[in-house]
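# Structure at a glance
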Amino acid sequence: MTKSALITGISGQDGAYLAQLLLGKGYAVHGLMPRRSSDTLWRLRELGIANAVQLIDGDVADLSAVLRAVKQSNPDEIYNLAAQSFVGTSWQQPLLTAQVTGVGAANVLEAVRLIQPAAKFYQASTSEQFGLIQAERQDEKTPFYPRSPYGAAKLYAHWMTVNYRESFGLHASTGILFNHESPLRGVEFVTRKVTDAVARIKHGQQKELRLGNIDAKRDWGFAGDYVEAMWLMTQQPQGDDYVVATGTTTTVREMCRIAFAHVGLNYEDHVVIDPQFFRPAEVDVLLGNPAKAQRLLGWKASTPLDALIAMMVDADMRRVA
Ligand code: NAP
Ligand code: G4F
């Protein structure tokens, strides 16, 4: 029998790759989509799946819309990926971030509990919850210390997921995913901001790239690998919490060096430090320990950072050309 999945945030980077993965496995894929005046289907189009998914109008902050979407899609699996996901914006829009990123997850959990309690639920938790890190390598037992309104909202969503699993016996999992990138990454995030600028500079359309704290370190993987881990979590006999990461960390500076060097440029000739891109509180370093995901899910990141950056620069070179 065909399985049904509901993805909130289907038009985002991860939503698009996850939809592609599930369609490939024969699922009927439904996506909750807020109405926007501008085009938000470009990622689904780039993957050639815009007409293969069934879109349902609705905002995750609106419980009635979420209830209707769950009823209509009758899902075996629900992936809650919808979020105001840009950390920088969360200081400008802290309450909207709380409503969408935090309460939105509670709305989806309520809909599961009330309408579809046998469905398997996945919550997009994040390494931002570790914030001011309390251990050199962060795993499922590392205490959280969020450093942004986004991190705080995600922490609420995370604990609500654990709470609904323990209170109501839902098959509910959290994936504590470290940064993952791709050619479909939003251009406001640093890796894509860099690869887009590299392509524009190479084509003579731009001269400099203005960045904030390039000494920050992140554990970056490929989004295409990470959506596999989401699916593996919903296939387990019970819900659980998993760190998903590569286990290596790199500075933004080094990431820039690799991206510019890929097209024969020196980042030092183009990168300008601009205080407007520094954050009120920074997460200086993230480094995940994915041993549990490897042991229980059989999952391992398979795309090295230089291959990921090359993939992103090449995609932006094609777009800009
Ligand atoms: P993304 O590209 O920003 O996608 C977020 C999605 O949520 C978009 O489809 C967006 O639609 C949708 N959305 C925003 N507000 C909504 C609302 N009120 N109702 C319904 N949908 C709404 O993020 P991503 O990189 O794919 O990440 C997916 C999830 O994983 C997010 O929850 C993110 O916080 C989390 N996460 C990401 C990473 C990472 O490194 N990528 C790491 C850990 C956790 P519009 O585009 O129309 O606004
Ligand atoms: O690419 P970023 O904006 O990603 P950030 O803040 O780590 O958040 C991403 O990963 C989280 C997982 O850890 C997700 F939960 C979240 O939704 C999102 O996907 O910034 C990465 C680093 C930061 O330290 C930032 O200060 O790059 C630094 N940075 C330096 N200059 C910059 C810039 N970031 C951005 N976006 N733009 C800059 O000009």
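Keep in mind that this is a model prediction, so the values were computed, not measured. (Residues numbered from 1 in each chain as written. Chains lettered and ligands numbered in written order. Predicted model: local features only at pLDDT ≥ 70, side-chain atom pairs only at ≥ 80, totals over all residues. Heavy atoms only, no water.)

### A look at the layout of surface pockets
Estimated volume of the second largest pocket: approximately 170 Å³. Sort the elements by how many residues they give to the lining of the second largest pocket and helix H5 (residues 149-168) lands first, with three residues. When grouped by side-chain class, the residues that make up the lining of the second largest pocket number five nonpolar, two polar and five charged. (1 Å grid on protein atoms, 1.4 Å probe; cavity = no way out; pocket = protein on both sides within 12 Å on 5 of 7 lines; lining within 4 Å. Points joined across faces, edges and corners; volume = space filled by probe spheres on them. Helix = DSSP H or I, 4+ residues; strand = E, 2+ residues; numbered from the N terminus. Nonpolar A, V, L, I, M, F, W, Y, C, P; charged D, E, K, R; others polar.)

### With respect to the domain arrangement of the protein chain
Along its sequence, the protein chain is organised into domain 1 (4-180 + 222-244) and domain 2 (186-218 + 248-285 + 303-320). Once you take the C-alpha centre of each, domain 1 and domain 2 turn out to be 27 Å apart. Opposite the 15 residues of domain 1 that make contact, domain 2 presents 15 residues. Regarding the contact of domain 1 and domain 2, the summed buried area is about 1,400 Å², with carbon and sulfur atoms giving 56% of it. (Domains from an automatic or database assignment. Contact = heavy atoms within 4.5 Å. Buried area = accessible area lost by both parts, 1.4 Å probe.)

### So, the packing of helix H1 (residues 13-24) against helix H7 (residues 223-234)
Axis separation between H1 and H7 bottoms out at 9 Å; the angle between their running directions is 65°. Crossing geometry of H1 relative to H7 is assigned as right-handed. For the pair formed by H1 and H7, the contact residues are Gln-13, Asp-14, Tyr-17, Leu-18, Leu-21 and Leu-22 on the first element and Ala-223, Gly-224, Val-227, Glu-228, Met-230 and Trp-231 on the second. (Axes fitted to C-alpha atoms, helices over the stretch in contact; angles between N-to-C directions. Left-handed = near helix turned anticlockwise from the far one by under 90°.)

### Some points on helix H3 (residues 63-73)
Buried residues of H3: Ala-65, Val-66, Ala-69, Val-70 and Ser-73, and no others. The arc that holds every buried residue of H3, seen down its axis, measures 135°, which confines them to one face. Counted as exposed and oriented over 90 degrees from the buried face of H3: Lys-71 and Gln-72. The secondary structure elements touched by the buried residues of H3 are strand E1 (4-8), strand E2 (28-33), strand E3 (54-57), strand E4 (77-80) and helix H4 (94-115). Once H3 ends, the next one or two residues include Asn-74, with phi positive near 45°. (Buried < 20%, exposed > 50% of the residue type's maximum accessible area, 1.4 Å probe, protein only. Arc of directions from axis to C-beta.)

### Section: the site of ligand 1
Around ligand 1, a shell composed of 25 residues is seen, among which Ser-11, Arg-36, Asp-59, Ser-85 and Tyr-150 lie nearest. One of the backbone nitrogen or oxygen atoms of Gly-9 is found 3.4 Å away from an oxygen atom of ligand 1. Contacts to ligand 1 include Asp-59, whose side-chain N or O atom sits 2.7 Å from a nitrogen atom. When isolated, ligand 1 has an accessible area of 890 Å², and the protein chains bury 89% of it. (Near = heavy atom within 4 Å. Polar contact = N/O pair within 3.5 Å; in protein donor to acceptor, adjacent residues only side chain to side chain. Areas by Shrake-Rupley, 256 points an atom, 1.4 Å probe, with all protein chains shown as cover.)

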